[in-house]
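Next come the chains, spelled out residue by residue.
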Amino acid sequence: HKSLLANASHELRSPLTLIRAEADVALANPDADEAELRAMAEAVRGGTERMERLLEGLLLLARSQRGLSRREPLDLAEVCERAAGHVRPEASRAQVELRVRTRPAPTTGDAELLGRLVENLLENGVRHNRPGGWVAAGTATGPRGEAVLEVANSGPVVAADAVRRLTQPFERLGR
């Protein structure tokens, strides 16, 4: 739990530092024009949006570690389609094609947690890709009747030794 708290505080500190720096620069310049103030406001908005996503992730993580309090019948295909709808604008801006092919995949679980999981996978596939690349997601029912989700992308290959570390909360490549 100590490393989780250290990672979480580090992740929250970065956008806070950006917000403070942007505000300090704007306040230090008595002649700041409208364009400079707008640029500062955009940077502050980006920092607060990042913090909101981090806090939302922390709350979901805390909820998931307590175990599933809600277990309801759902179709993973619908969860995947909904998550793709949320990620599609970002994929379009990044010039990454989002390919979604779903087949029914009935299961039980927490639709919100599963949705966030799928959205995170798709977002990472878009963000760590290249213009002209693709992210593909699909669902199906496996041979034993289990719901299956598969996500692939054209971004760089993750080294095998980094995969285990990347399944930990707040871990990223490059640090």
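Here's a quick rundown of the structure. (Residues numbered from 1 in each chain as written. Predicted model: local features only at pLDDT ≥ 70, side-chain atom pairs only at ≥ 80, totals over all residues. Heavy atoms only, no water.)

This paragraph deals with the overall build of the protein chain. Summing up its helical and strand segments, the protein chain has five helices and five strands in all. Residues classed as buried in the protein chain amount to 31% of the 175 residues present. Contacts in the protein chain between residues at least 24 apart in sequence constitute 73% of all its contacts with a sequence separation of at least 6. Carbon and sulfur atoms provide 55% of the accessible area of the protein chain, an area that totals close to 11,700 Å². (Helix = DSSP H or I, 4+ residues; strand = E, 2+ residues; numbered from the N terminus. Buried < 20%, exposed > 50% of the residue type's maximum accessible area, 1.4 Å probe, protein only. Contact = heavy atoms within 4.5 Å. Areas by Shrake-Rupley, 256 points an atom, 1.4 Å probe, with all protein chains shown as cover.)

For the rest of this paragraph, the subject is the pattern of salt bridges. Counted according to the given criterion, the structure contains seven salt bridges. Here arginine 116 and glutamate 123 are joined by a salt bridge, their closest N and O atoms 3.3 Å apart. Both residues of the pair, arginine 116 and glutamate 123, count as buried. One salt-bridge network, held together by shared partners, links Arg116, Glu119 and Glu123. (Salt bridge = Lys/Arg side-chain N within 4 Å of Asp/Glu carboxyl O.)

Counting 17 residues, the largest nonpolar core has Leu98, Val118, Leu122, Val126 and Val135 as its most contacted members. Listed by contribution, the elements that provide at least two residues to this core are helix 3 (76–93), strand 2 (97–102), helix 4 (111–127) and strand 4 (134–141). Tallying contributions element by element places helix 3 first for this core, with seven residues. (Core = buried A, V, L, I, M, F, W, Y, C linked by side-chain atoms within 4.5 Å.)

With that settled, consider unusual backbone geometry. Look at glutamine 95: it is not a glycine, yet its phi comes out positive at around 60 degrees. By the secondary structure assignment, glutamine 95 is in the loop between helix 3 and strand 2. Residue glutamine 95 is classed as exposed on the basis of its relative accessible area, which comes to 54%.

Across the interface, helix 3 lies against helix 4 with an axial gap of 9 Å and an inter-helix angle of 35 degrees. When the axes of helix 3 and helix 4 are compared, the crossing they make is right-handed. Together, Val79, Cys80, Ala83, Ala84, His86, Val87, Glu90 and Ala91 of helix 3 and Ala111, Leu114, Gly115, Val118, Glu119, Leu122, Glu123, Val126 and Arg127 of helix 4 make up the contact between the two elements. Considered class by class, the residues forming the contact of helix 3 with helix 4 number eleven nonpolar, two polar and four charged. (Axes fitted to C-alpha atoms, helices over the stretch in contact; angles between N-to-C directions. Left-handed = near helix turned anticlockwise from the far one by under 90°. Nonpolar A, V, L, I, M, F, W, Y, C, P; charged D, E, K, R; others polar.)

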